[in-house]
Amino acid sequence: MTQDTLSSLQASVRADAAAGRFCRMFDTVDIMVGSDPGSADMARALRTQYDALCSYAMAGAPDASRQLMRADIGSAVIELADKALHAARAAESPKLYYARYRYENLRNDSIRSLIEEYVGNNSTLSMALLTGASDVTTPQGESLLKKQEELAVRIFNKIWTTPSIVTDAFHAIDTALRSDTLPSSIKESIIWALMLGGLEVYQGARLLSLGRFYVEAGSQRLRMSALAAFLVLLWRHRDIAPGVKLTGVLDMMRSRSEWTQEVRLMSMQLIRTRDTERISSKLKTEVFPAMMKLRPGLEKLGELGPDSDLSALEDNPEWEEILDKSGLTDKLKELTDLQSEGADLMMATFSNLKSFPFFNEVAHWFTPFATDRSEVKPVLAGGLSGIAEIIAASPFLCDSDKFSMIFSLDHIPSAQRELFASQLKAQDINAAELRAGSLDVTDKAGESVARTVVQNLYRFFKLFRRKGEFYDPFANTPDLTSLPALRDALGNTENIRVVAEFFFKRGYYQEALVHFKELLADNPNDYQLLQKAGYCHAAEGDMTQAIEMYRRSELLAPDSEWTLRRLASAYRLVGDLNTALEYYRRLEALRPDDLNTSLAIGHCLLETGNYADALKMYFKVEYLAPQSKKTIRPIAWCLFLTGDYGRSKSYYDKVLEDSPTAADFINRGHLAMATGDFKEACEYYRKSIGVSSPARFESALSADMPALLSAGVDLVLIEIVTDKALNDE
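Residues numbered from 1 in each chain as written. Predicted model: local features only at pLDDT ≥ 70, side-chain atom pairs only at ≥ 80, totals over all residues. Heavy atoms only, no water.

**With respect to the overall build of the protein chain**
No. 1: In terms of regular secondary structure, the protein chain is built from 38 helices and 0 strands.
No. 2: A burial count over the protein chain gives 47% of its 729 residues as buried.
No. 3: In the protein chain, once contacts between residues fewer than 6 apart in sequence are set aside, the share between residues at least 24 apart is 66%. (Helix = DSSP H or I, 4+ residues; strand = E, 2+ residues; numbered from the N terminus. Buried < 20%, exposed > 50% of the residue type's maximum accessible area, 1.4 Å probe, protein only. Contact = heavy atoms within 4.5 Å.)

What follows is the structure in structure tokens.
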């Protein structure tokens, strides 16, 4: 049986389990496991268990846990299907996961033996340091530390690539996670290995282990890491209903007083990753280029030297003026606001700094930053320990980015590194002050931890050199509010509205609409929700649904100018100009001096062919706002359509003085045609073609043909002039 066939069968097993078609699911998994004795026996046992459950149910026997027991059976069958697919791929798949699996299989180590070896080495290292027999700078200490790092990678890889971890191994894992003597770095490594392996092959016990550790973890960093790993796996396998065991663990997790707060915090941080690519793109395409363009202007303010007064430069009004004129001030303020809300601004900066050999190892992407790492210490040998401490204390850098920054220092010439270190010393910057300054007295420390944890994850799935071989939980926004298992923490109106507003504010209207509809189901008379739902529909191009939402909002708040304006615009877009005019007239009655409304009314009248009344509205706007240029073009066109060619020419002369477009040149050509100046018309047509293209010119001319014919221009002359404009040099 081919791998593609098995993959298709595996998908069928999941689909049937989710749809409750268990009999068909069992038939499919029987085909997948074939003659494998262990899996075949397990499949038969599960079928027998399901048949018994069905018999009791059909006999009318009450059983409150029936649904959970049925879910357990379904998840167990899915495990068998995933395991069968894994076995088929294991021998030949070129994926990194299977290559590491094959390598680990060649060695006799088990998860338990590797953990025990790590524990023993850790005890030896701790004793040597405690008795003074060694320290981390001696060859013995360095050797022990190096061995610890290597064992940590082996443990990570073994847990990651083991498709079905046995009970004995889980006991060793749980013991290590709860150990008071093991460093937190190995515990984090185990957490992420459990998650990464669970993304490849489903095993419910991985979720159970992570959930239990979340309840018992001693530090906030470990607890939030376990929670993030648990939630990512829950999202990955959202088609699998929680059974008895997982429901029990979820109940344990809910017993923590911080559960709701921490789940919402982590959920929101995962959702914010939806905005990371947009922010990175903005930095790369707008902010960084704008800063480079500013460089000559800033250099005029004077060279920066060792004796420069940095504080004086920061307050330099000339610099501020340059920033304001460039528009960079507004861009930087927007980014600062986004960062204060938890957005990831560092992705763009560090995305190109992940090619160091350190990042070739999967486990290293999930390693907490430490200055005593064997890869880091050589870089710091030149007296850069102070820099490392400052980097380590930075609240805005995730671990992956801290490693990137350290490794980047190794590529800076030694003279510049020494200058950098001396400047830091002169500025009297130290890590302790930085840490103290980053402490949040409003008890938001959990936000910083959640941000770091999620950014570490995001970096791996988006930047690892073989990222395409991994399931990417960020490929679609991990919106955990849709998971029934988390409805207690995430399903209330307040939280859903926060999520909806996040998507809405940033222009992700499809995602926002899902949540606005959910909110409207519980509160159908919230006119603001209806307004925003209508706006989302309009942004997605569904004007019919947009109008329906706006009309419902209008019934609840009939004098809302925002709703009236949106309705007018929507009706105009769908071509119902008379209804659009009605709404614009209502707006005009509410605010007679609103020139935007008057301008919109003029456009509607123009589109309906009421040129005389359209001109009245345009002249009104021109009179009340003589500095505005919005009315010049429509007035010129209306005058042309009404046959007032002299006044039309005077307005087109104004248009052509200020950055004329292809449409301006073609309209001026029409005017020349109407007045019989065919040579002039030909020249303007050529200019229109010159700034657009022949195809666009011909399309525009075709659309304007009725206006030319109404002006009395002969069709043959139109064709002759057009032909000459298109072909004469």
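On we go.
**As for the pattern of salt bridges**
No. 1: Counted under the stated rule, the structure contains 53 salt bridges.
No. 2: By sharing partners, the salt bridges in this structure join E104, R107, D109 and R154 into a single network. (Salt bridge = Lys/Arg side-chain N within 4 Å of Asp/Glu carboxyl O.)

**A short note on the packing of aromatic side chains**
No. 1: This structure, assessed with the given rule, holds 37 aromatic pairs.
No. 2: Consider the rings of F504 and Y535, whose centres lie 5.7 Å apart with planes at 70°: the pair is edge-to-face. With F504 in helix 25 (residues 493-505) and Y535 in helix 27 (residues 527-539), this pair connects stretches of sequence that are 31 residues apart.
No. 3: F504 sits in the buried class, given a relative accessible area of 18%.
No. 4: Sitting over the face of the ring of Y471, R236 holds its NZ or CZ atom 4.2 Å from the ring centroid.
No. 5: For the cation-ring pair, R256 lies above Y214, with the distance from its terminal atom to the ring centre recorded as 5.8 Å. (Phe/Tyr/Trp six-rings, centres within 6.5 Å; stacked < 30°, edge-to-face > 60°. Lys NZ or Arg CZ within 6 Å of the ring centre and 35° of its normal.)

**Concerning the side chain of E104**
No. 1: Within the fold, E104 resides in helix 5 (residues 96-106).
No. 2: The residues contacting E104, other than those within four sequence positions of it, are R154, N157, K158 and T161.

**Thoughts on the environment of N523**
No. 1: Positionally, N523 belongs in the loop between helix 26 (509-522) and helix 27.
No. 2: Between the C-alpha atoms of N523 and T493, which are 30 residues apart in sequence, the distance is 9.6 Å.

**A few points about the nonpolar core**
No. 1: Core analysis: the biggest nonpolar cluster contains 127 residues, and I173, W192, M195, L196, V362, F366 and I406 have the highest contact counts within it.
No. 2: Top contributing element to this core by residue count: helix 11 (residues 220-236), with 12 residues.
No. 3: Those residues within four positions of I406 in sequence are excluded, and the remaining contacts are F369, V376, V379, L380, A388 and I391.
No. 4: In this structure, A546, A570, A614 and I632 belong to the second largest nonpolar core, which totals 38 residues. (Core = buried A, V, L, I, M, F, W, Y, C linked by side-chain atoms within 4.5 Å.)

**Notes on the side chain of R14**
No. 1: With respect to the helices, strands and loops of the structure, R14 is situated in helix 1 (residues 3-19).
No. 2: Classification of R14 as buried rests on a relative accessible area of 10%.
No. 3: Apart from the residues within four sequence positions on either side, R14 is in contact with I78, D82, Y202, H237, D239 and I240.

**A look at unusual backbone geometry**
No. 1: We note that S659 has phi near 50°; this positive angle belongs to a residue other than glycine.
No. 2: For S659, the position within the fold is in the loop between helix 34 (645-656) and helix 35 (662-674).

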